[in-house]
Amino acid sequence: MAESNAAPPPIAQPTQGVFVPPMSAASALAEINSAARRDDSHRPEAFIVGTVGQDVPLEIIDAAGAVALRLRGNPSWATEGADRYLGKGLDPAMRSLMEGILDGAFGRLDAIVISSDCDASQRLFYVLREMRRVTPEIAVPPVYLVDILHLPRESTARYNRVRVRQLLEVLERWTGNRVTGAELERAVIAHNRRRELQRAVMGLRRSPDPRLSGVDALAVFAAADRLPGERYAGCLESLAAGGDQLAPRDGTRIFVTGSTHDSPDVYRAIEAHGATIVGEDHDRGELLAERDVAPARDLESLLDAIADRYQYNGPTAQRASITARAEHTAKRIGCTGAELLLSYVRVMDEAPLWDFAAQRAAASVPSAVVVRQPYGAIDAEELDVALRAPEQTGVNR
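Right, let's walk through the structure included here.

Cut-offs used in this document
- Residues numbered from 1 in each chain as written.
- Predicted model: local features only at pLDDT ≥ 70, side-chain atom pairs only at ≥ 80, totals over all residues.
- Heavy atoms only, no water.
- Helix = DSSP H or I, 4+ residues; strand = E, 2+ residues; numbered from the N terminus.
- Expected span 1.5 Å × (residues − 1).
- Buried < 20%, exposed > 50% of the residue type's maximum accessible area, 1.4 Å probe, protein only.
- Arc of directions from axis to C-beta.
- Pairing = 2+ DSSP bridges.
- Right-handed = clockwise from strand over helix to strand, strands pointing away.
- 1 Å grid on protein atoms, 1.4 Å probe; cavity = no way out; pocket = protein on both sides within 12 Å on 5 of 7 lines; lining within 4 Å.
- Points joined across faces, edges and corners; volume = space filled by probe spheres on them.
- Nonpolar A, V, L, I, M, F, W, Y, C, P; charged D, E, K, R; others polar.
- Axes fitted to C-alpha atoms, helices over the stretch in contact; angles between N-to-C directions.
- Contact = heavy atoms within 4.5 Å.
- Parallel < 35°, antiparallel > 145°, perpendicular 65-115°, else oblique.
- Phe/Tyr/Trp six-rings, centres within 6.5 Å; stacked < 30°, edge-to-face > 60°.

### Some thoughts on helix α12 (residues 322–336)
Part 1 of the argument: Between its first and last C-alpha atoms α12 spans 21 Å; for 15 residues at 1.5 Å apiece the expected length is 21 Å, and the two agree.
Part 2 of the argument: All of the buried residues along α12 are R325, A326, H328, T329, R332, I333 and T336. One side of α12 carries all its buried residues, which in axial view fall inside an arc of 165 degrees. More than 90 degrees from the buried face of α12, the exposed residues found are T323, E327, K331 and G334.

Structure below.
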């Protein structure tokens, strides 16, 4: 593509060759939440690759000796600078992310890799690439678009396998490091282990008395690239092993669908109403950990397995069929024991709304939708109706 310039192991075991001392579940959760709040990388001395979207193959970045940092917006940031380039007719979450790039909120970025997982991501790429060409006075790092497709076809698989090899070549050129089969295998094992631990921690949401809030669950995923890998794994091991030490939660068990959430603000508002979010199907939550990379040994087979993993890693509103989304949501509701499906649709992010009728029909629980919500917030009155009388919610209220 175009380029410009099972149960977890004992908590006292070494992780990735580094000994991680045991800690309480509460301490581990506090450390995760602290890390999740930072905007910059935990390794500022490294080659930092900012990533946008869930379809960026992190294993390849890792194997190339770089450090990935998933970029995100912040509802509190003004977006005048970003609006100048992106316009105001784009999802405010992406405009806020762009503002963070322009303002240096993420610290030094040596490069940016963007996945074409939605129209807003694609527009961000083209704008950044053009800015590098025509506004050299604005420090924009080299940017690359990785185009992973999701149709369940062999032709799509072949296309994606080419794309991941092109990304590998770009990363080798950027970092000056040649990626070997051994390095890529190490990275795949590490990221599969990370996803395994994330799934184990998410099990704390499934019990009759959940021990993990939705806000904390978002933090688990946000902290993944904001802590050293071995420290992050140690925190997850401690949290999974000691989760029964955490206070149980009550209230209506909610499954969240719709727009993605790059901050905990909406989750916090929902749970402040006495509910507990026990699952979601957006790409800042459990969707990130659903699928692993199949084991392989040689470089070419590993690249194919990575491409396949990202091709089939869960259906998003922007890239999957309505039927696939509804089937996936219904299945996840059953797994989580949710009592209510809540679709949150952000202003200028209309794609999730197309899924809701099918999701509601497929769900085994009552379903509510809140539409045209501001970035990072939810209308208190509409939320109250959604929780008390979900059948009264809808587009035309």
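### As for unusual backbone geometry
It is generally the case that most residues other than glycine have a negative phi and that most peptide bonds are trans.
Part 1 of the argument: Of note, the phi angle at M348 is positive, near 65 degrees, even though the residue is not glycine.
Part 2 of the argument: Locating M348 in the fold gives a position in the loop between β9 (340–346) and α13 (351–362).
Part 3 of the argument: Taking relative accessible area as the criterion, M348 reaches 34% and is therefore assigned partly exposed.

### Section: the pairing of strand β10 (residues 367–373)
Part 1 of the argument: Counted residue by residue, β10 has six buried out of seven residues, so it is predominantly covered.
Part 2 of the argument: Relative to β10, β9 runs parallel, the two being bridged by five bridges. Each residue of the ladder has a partner; that of R346, found in β10, is Q373.
Part 3 of the argument: Running through α13, the crossover from β9 to the neighbouring parallel element β10 is right-handed.

### Comments concerning empty space enclosed by the protein
Part 1 of the argument: Of the volumes computed, that of the largest cavity is approximately 40 Å³.
Part 2 of the argument: Along its surface, the largest cavity is lined by T260, H261, D262, S263, V266, Y344, R346, Y375 and G376.
Part 3 of the argument: The residue inventory of the lining of the largest cavity, partitioned by class, reads three nonpolar, four polar and two charged.

### What to know about the sheet that holds strand β7 (residues 253–258)
Part 1 of the argument: Strand order in the open sheet made by the four strands is β8-β7-β9-β10, with parallel pairing throughout. Edge strands, defined here as strands with exactly one partner in the open sheet, are β8 (276–280) and β10. In this sheet, neighbouring strand axes are inclined to one another by 30 degrees on average, regardless of whether the strands run parallel or antiparallel.
Part 2 of the argument: Each of β7, β8 and β9 touches α12; the most contacted strand, β7, lies at about 160 degrees to it.
Part 3 of the argument: Strand contacts of α13: β7, β9 and β10, with the helix running at about 170 degrees to β10, the strand carrying the most contacts.

### A look at the layout of surface pockets
Part 1 of the argument: Computed from the structure, the second largest pocket encloses a volume of approximately 620 Å³.
Part 2 of the argument: Lining the second largest pocket are 33 residues, with D91, C118, A120, Q318 and D349 positioned closest to its centre.
Part 3 of the argument: Contributing elements (two or more residues each) for the lining of the second largest pocket: α4 (92–103), α5 (119–134) and α13.
Part 4 of the argument: When residues of the lining of the second largest pocket are assigned to their parent elements, the largest contribution, four residues, is made by α5.
Part 5 of the argument: Within the lining of the second largest pocket, the residues separate by chemical class into eleven nonpolar, eight polar and 14 charged.

### What about the packing of helix α7 (residues 181–202) against helix α8 (residues 214–222)?
Part 1 of the argument: For the pair α7 and α8, the least separation of the axes is 11 Å and the interaxial angle reads 175 degrees. What the angle tells us is that α7 and α8 run roughly antiparallel. On the side of α7, the interface is formed by Q198, V201 and M202, while α8 contributes A217, V220 and F221.
Part 2 of the argument: Its residues assigned to classes, the contact of α7 with α8 shows five nonpolar, one polar and no charged.

### So, the packing of aromatic side chains
Part 1 of the argument: The full count for this structure, using the stated rule, is two aromatic pairs.
Part 2 of the argument: Considering the side-chain rings of W77 and F106, the 6.1 Å spacing of their centres and the 65 degrees angle between planes classify their relative orientation as edge-to-face. With W77 in the loop between β4 (67–70) and α3 (80–86) and F106 in the loop between α4 and β5 (111–115), this pair connects stretches of sequence that are 29 residues apart.
Part 3 of the argument: Exposure remark for W77: the relative accessible area of 23% places this residue in the partly exposed category.
Part 4 of the argument: Ring geometry for F125 versus Y126: centroids 5.1 Å apart, planes at 65 degrees, classification edge-to-face.
Part 5 of the argument: Among the residues examined, Y126 registers a relative accessible area of 41% and is labelled partly exposed.

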